[in-house]
Amino acid sequence: MSEILLEGHALGVHGEGVSIAPVDFSLARGGRLTLLGETGSGKSLIAQAIMGTLPSGLAASGELTIEGQAYAAAEGATRRALWGRRLALLPQEPWHALDPTMASGAQVAESHRYLRGLGRRRAREAARRDLVGLGLGLADAEGSLPGELSGGMAQRVAFAAASAGGAPLVIADEPTKGLDAPRRDAVVRLLAATPQRGGALLTITHDIEVARRLGGEVILLRRGRVVERGPAERLLSAPRSDYAKRLLEAEPSRWPAPPPPPATCGEPVVEARGLAKWRGGRALFRDLALSLRPGEIVGVVGPSGCGKSTLGDLLLGLTGTDAGEVKRAAGHRLAFQKLYQDPPAAFSPHWSLARLLDDLVRRHRLDRTAIAPLMTRLGLDRELLARRPGEISGGELQRFAILRVLLMEPRFLFADEPTSRLDPITQRDTLALLVELARERHCAVMLVSHDPALIERLCDRRLVLGQGEAVLAPESLDAQAV
Amino acid sequence: MKLSLALGAAPADGWRRLSTRRRLGLVLLGLLLAVAWLTPWLHDADPARQQLTRILESPTLAAPLGTDHLGRDMLARTAAALRLSLDMALLSVVSAAVPGILLGVIAGWRGGWGDRVLGGLADACLALPGLLLVLLLAAIAPGNFWALYVGIALVLWIEYFRVVRARTRVLVASPQLEASRLLGFGPGYLFRRHLWPELAPQVLTLAAFGAASAILAMAALGFVSVGLRPPTAELGLMMTELLPYYHEAPWAMAQPILALCLLVLSLNLLAAKETK
């Protein structure tokens, strides 16, 4: 038996409106444990309970054994001395965890200096080695501020800073949130190196693919309870519980093949010719031509920062073009609508949904009777109307956003990663509804996603945006039919 | 309470959501308002009427808070001074907040050269010490309430402008505003539903602090005799006038001091951040 690094006995969290049922786990040297679950299932709280950083109002219960030393989970402060040295946390959204006013290299060097007691110069050298070892060139990362780095690079810098203390036990909280597939895989490789070096890795994620790639043991959580646990290979291929089965079926690659697209006809809703947009002296795309017909679902894929959202802004007329032209179908400008990535960010948080819908109805003298059937279609309960946007789930709110734009009888809808913050089951249901309703109403949809499998299953055609100078991949919109 | 309901987007259960400190502040302010405006109804005495036969009297039924060195009724004077201070506070807050918010929203929303000009103007005003500006105006028009008021308002609008502008800039770029704009809502709606609920708590805090500093500024100017002139009943002026008699009539001296303290305290309690 190899040495046990971390063991939890009946570790639970209780407090204001939260309850996480006691869970046991153990992590040996070289071990990998993944807590998998949808948003709000309490995964992150378990990490915070281990670190001893639970927000006030929440209390941990149970016991923890870290490298043979026993701790009461409730006494979080006792584990403070372990931070960085024995226990490292890679936080969510690393750009928030890095000091925005301090050069990246210096932040990594600080860990070496204060946690390992290296001298100033040796710490700097060690930081440099770390960054190079993570594939970050000297020039591009060491002297840059975190804000100047891309999400993936900031992630690696944060990882270097967190692991510089040489902690054998690494906890990664949603390490791949908001990253596209290639970057996600890079982060997973980075994380997998910890157990290979003889450490142990505890990962918290909602991404099934991450759990699959990391392997090891998986604990599937839902609403604060363990639904199923077992080795990743078994659980993620032959799940036993209903919830796990549904979760796996909701992965885009397992969605049923789409029905053949209906013959699209009619005048194009929106057309672009010779479209170009520069940002920071670099062409996001140029000479882009596209034409969308009513009821057509077009997918847009490409790495982060390649201009997917900018393309949407151009087509919606929210920003100007640098070259070329966009021709929108004659008619009302309000027929061009957008769905946002983060549903709560797209609503004013201070008013009830009923009030916001009522505003819309009054503003445009819409047919009030259209709301009730549409709500039923979208599976939205009437009771939700009395609540404010922050008081309902992300999936429900995104369906409210769909309701809101559908009331405008849109001709074109730009959906900017509308489900990337939702869990897989909600994602599948929401997108299926969106596509169904759009086809019914002859509304063209441009769906942005960083998941190629999702685009493949849902869309009639696909637009691939590239990076840098090579802009439009050979499969241009008009040529490519998936 | 009316103040918070009128200014904030607070719903009807606003009182329950207030912190204890704010409730305390509201109660205190309410009491002071009551003293200031109910006194003329309940106690019929002219704050300026001198009765040299009755100087520095202790509190009696005829003069519940005693009389000052010229035999004037202290209750009437304190109430009149409170009214003056509160009027001043309200006036300067409104006349600083309204242009401050308006210009802040415009600058934050439109950006461009208008933003730069207004920002520069605000910075230029900030470069002058506020009290200096007020003293300057007081020197130009000595003893004039309106000169004091204009000076204080001129100093105070900048805070509103800066806070509102910064918040507006963030909100204008936010998806929630873009979504509403795409749905065809105009600027009035965007302000009402998106901007104001975000701005109101901060504006309310600024207003309470602003009112307190306006009151303090007026009292300070009165105390050093560059503010309003006697025989006006004004808190700072009353302190100066009664200072020589603190030994004979400590209760008289205590009244303007206590009134000023409680007034500023109530406003500062109101301005206190909700700590949660």
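Rules behind the numbers
Residues numbered from 1 in each chain as written. Chains lettered and ligands numbered in written order. Predicted model: local features only at pLDDT ≥ 70, side-chain atom pairs only at ≥ 80, totals over all residues. Heavy atoms only, no water. Helix = DSSP H or I, 4+ residues; strand = E, 2+ residues; numbered from the N terminus. Rg over C-alpha atoms; globule rule 2.2 N^0.38 Å. Lys, Arg positive; Asp, Glu negative; His and termini not counted. Charge placed at Lys NZ, Arg CZ, Asp CG, Glu CD. Buried < 20%, exposed > 50% of the residue type's maximum accessible area, 1.4 Å probe, protein only. Contact = heavy atoms within 4.5 Å. Areas by Shrake-Rupley, 256 points an atom, 1.4 Å probe, with all protein chains shown as cover. Axes fitted to C-alpha atoms, helices over the stretch in contact; angles between N-to-C directions. Parallel < 35°, antiparallel > 145°, perpendicular 65-115°, else oblique. Left-handed = near helix turned anticlockwise from the far one by under 90°. Nonpolar A, V, L, I, M, F, W, Y, C, P; charged D, E, K, R; others polar. Domains from an automatic or database assignment. Buried area = accessible area lost by both parts, 1.4 Å probe. Polar contact = N/O pair within 3.5 Å; in protein donor to acceptor, adjacent residues only side chain to side chain. Pairing = 2+ DSSP bridges. Salt bridge = Lys/Arg side-chain N within 4 Å of Asp/Glu carboxyl O.

S.K.: Which residues make up the overall build of chain A, and what are the values?
M.R.: Helix and strand content of chain A: 16 helices and 18 strands. Against the compact-globule benchmark of 23 Å for 482 residues, chain A has a radius of gyration of 24 Å, which places it among compact chains. When the backbone C-alpha atoms are referred to their principal axes, chain A occupies close to 70 × 50 × 40 Å. Looking at chain A, you have 62 positive and 56 negative side-chain charges, and the mean spots of the two groups are 2 Å apart.

S.K.: Could you give an account of the overall build of chain B, naming the residues involved and the relevant values?
M.R.: Counting its secondary structure elements, chain B contains eleven helices and zero strands. The N-to-C order of helical and strand elements in chain B reads α-α-α-α-α-α-α-α-α-α-α. Taken over the C-alpha atoms alone, chain B extends approximately 75 × 45 × 30 Å along its principal axes. Buried residues in chain B amount to 48% of all 276 residues. Of the contacts formed within chain B by residues at least 6 apart in sequence, a portion of 69% connects residues at least 24 apart. When the accessible area of chain B is evaluated, it comes to approximately 13,600 Å², of which 70% is carbon and sulfur surface.

S.K.: Kindly report on the packing of helix α3 (residues 20-42) of chain B against helix α4 (residues 74-110) of chain B, identifying the contributing residues and their values.
M.R.: Residue and element names in this part refer to chain B. Direction vectors running N to C along α3 and α4 enclose 120 degrees, while the axes themselves pass 8 Å from each other. In this view, α3 runs oblique relative to α4, as classed from their interaxial angle. For the crossing formed where α3 meets α4, the hand is left-handed. The residues of α4 that touch α3, namely those facing L29, L32, L33, V35, A36, W37, T39 and P40, are L75, A79, L82, R83, L86 and D87. Across the contact of α3 with α4, the residue classes tally to eleven nonpolar, one polar and two charged.

S.K.: Account for unusual backbone geometry, naming residues and giving values.
M.R.: Comment: phi is negative for the bulk of residues other than glycine, and the bulk of peptide bonds are trans. Residues and elements named next belong to chain A. In the Ramachandran plot, E409 falls in the positive-phi region, its phi being about 50 degrees despite a non-glycine side chain. With respect to the helices and strands, the residue E409 is situated in the loop between α14 (394-406) and β16 (412-416). Its relative accessible area of 61% is what places E409 among the exposed residues. At E417, a position not held by glycine, the phi torsion is positive, near 45 degrees. Its place among the elements puts E417 in the loop between β16 and α15 (424-440). Relative accessible area serves as the criterion here: at 11%, E417 is assigned to the buried category.

S.K.: How would you summarise the domain arrangement of chain A if you had to cite specific residues and measurements?
M.R.: Residues and elements named next belong to chain A. As assigned here, chain A comprises domain 1 (4-254) and domain 2 (270-464). Using C-alpha coordinates to define each centre, domain 1 is positioned 33 Å away from domain 2. Every contact between the two is made by 14 residues of domain 1 and, on the other side, 13 residues of domain 2. Buried area between domain 1 and domain 2, summed over both chains or domains, comes out near 1,300 Å², and the portion from carbon and sulfur atoms is 57%. Taken as a group, D180, A250 and P252 account for 38% of the area that domain 1 buries against domain 2, more than any other trio of residues on that side. Our count for the contact surface shared by domain 1 and domain 2 stands at one residue pair in polar contact (both at pLDDT 80 or more). Sorting the residues of the side of domain 1 that touches domain 2 by element identifies α7 (181-196) and α10 (242-249) as the ones contributing at least two each. It is α10 that provides the largest number of residues to the side of domain 1 that touches domain 2, a total of four residues. Taken together, the residues of the side of domain 1 that touches domain 2 break down into seven nonpolar, two polar and five charged.

S.K.: Now, about the pairing of strand β18 (residues 461-464) of chain A: what can you tell me, with residues and values included?
M.R.: Residue and element names in this part refer to chain A. Every second residue of β18 is oriented toward a common face, with R461 and L463 on one face and R462 and V464 on the other, all of them buried. Bridge count for strand β13 (residues 297-301) against β18 is four bridges, and the pairing is parallel. Note that in β18 the partner of V300 across the bridge is L463.

S.K.: Break down the interface of chain A and chain B for me, citing the residues and quoting the values.
M.R.: Counting from both sides, the interface comprises 24 residues of chain A and, opposite them, 16 residues of chain B. Summing both partners gives a buried area of about 1,700 Å² for chain A against chain B, and 56% of it is carried by carbon and sulfur. Ranking the residues of chain A by area buried against chain B places Y340, H350 and W351 of chain A at the top, with a combined share of 28%. Between R193 of chain B and D359 of chain A there is a salt bridge, with the nearest N and O atoms lying 2.6 Å from each other. The interface formed by chain A and chain B includes twelve residue pairs in polar contact (both at pLDDT 80 or more). At the level of secondary structure, the elements contributing two or more residues to the side of chain A that touches chain B comprise α11 (308-316), β15 (336-339) and α12 (353-364) of chain A. Among the elements that line the side of chain A that touches chain B, the one with the most residues is α12 of chain A, at six residues.

S.K.: Describe the environment of A62 of chain B, listing the residues and the values that go with them.
M.R.: Residue and element names in this part refer to chain B. Its place among the elements puts A62 in the loop between α3 and α4. In this structure the C-alpha to C-alpha distance between A62 and D44, which are 18 residues apart in sequence, comes to 9.7 Å. Non-local contacts of A62, meaning those with residues more than four positions away in its chain, are made with H43, R54 and D73.

S.K.: Just give me the short version of the pattern of salt bridges, but keep the residues and values in it.
M.R.: Residue and element names in this part refer to chain A. The final tally for this structure, using the stated rule, is 31 salt bridges over all chains. The closest approach of N and O atoms between D185 and R213, which form a salt bridge, is 3.6 Å. A residue pair is termed long-range when its members are at least 10 positions apart, and D185 in helix α7 and R213 in helix α8 (residues 208-214) qualify at 28 residues. Take R213: its relative accessible area is 44%, and that puts it in the partly exposed class. One salt bridge in this structure joins E209 and R213, with 3.1 Å as the shortest N-O distance. A residue pair is termed a helical-turn pair when its members lie 3 or 4 positions apart in one helix, as E209 and R213 do in helix α8 at four residues. For E209, a relative accessible area of 19% puts it in the buried group.

S.K.: With reference to specific residues and values, describe the sheet that holds strand β1 (residues 4-15) of chain A.
M.R.: All names here are of chain A. Strands sit in the order β2-β1-β4-β5 across an open sheet of four strands; the sheet is antiparallel. Strand pairing shows two members of the sheet lacking a second neighbour, β2 (18-28) and β5 (69-72), which therefore form its edges. For this sheet, the mean inter-axis angle between neighbouring strands, taken without regard to orientation, is 5 degrees. Bridge count for β1 against strand β4 (residues 58-66) is eight bridges, and the pairing is antiparallel.

S.K.: Let's hear about the sheet that holds strand β7 (residues 169-173) of chain A: which residues, and what values?
M.R.: Residues and elements named next belong to chain A. Strand order across the open sheet formed by six strands is β6-β7-β8-β3-β9-β10, with mixed pairing between neighbours. Two strands in the sheet have a free side with no partner beyond their single neighbour: β6 (87-90) and β10 (225-231). Going from strand to strand, the sheet's axes swing by 15 degrees on average, the running direction of each strand aside. Strand contacts of helix α1 (residues 43-51): β3 (32-37), β6, β7, β8 (200-205) and β9 (217-222), with the helix running at about 145 degrees to β8, the strand carrying the most contacts.

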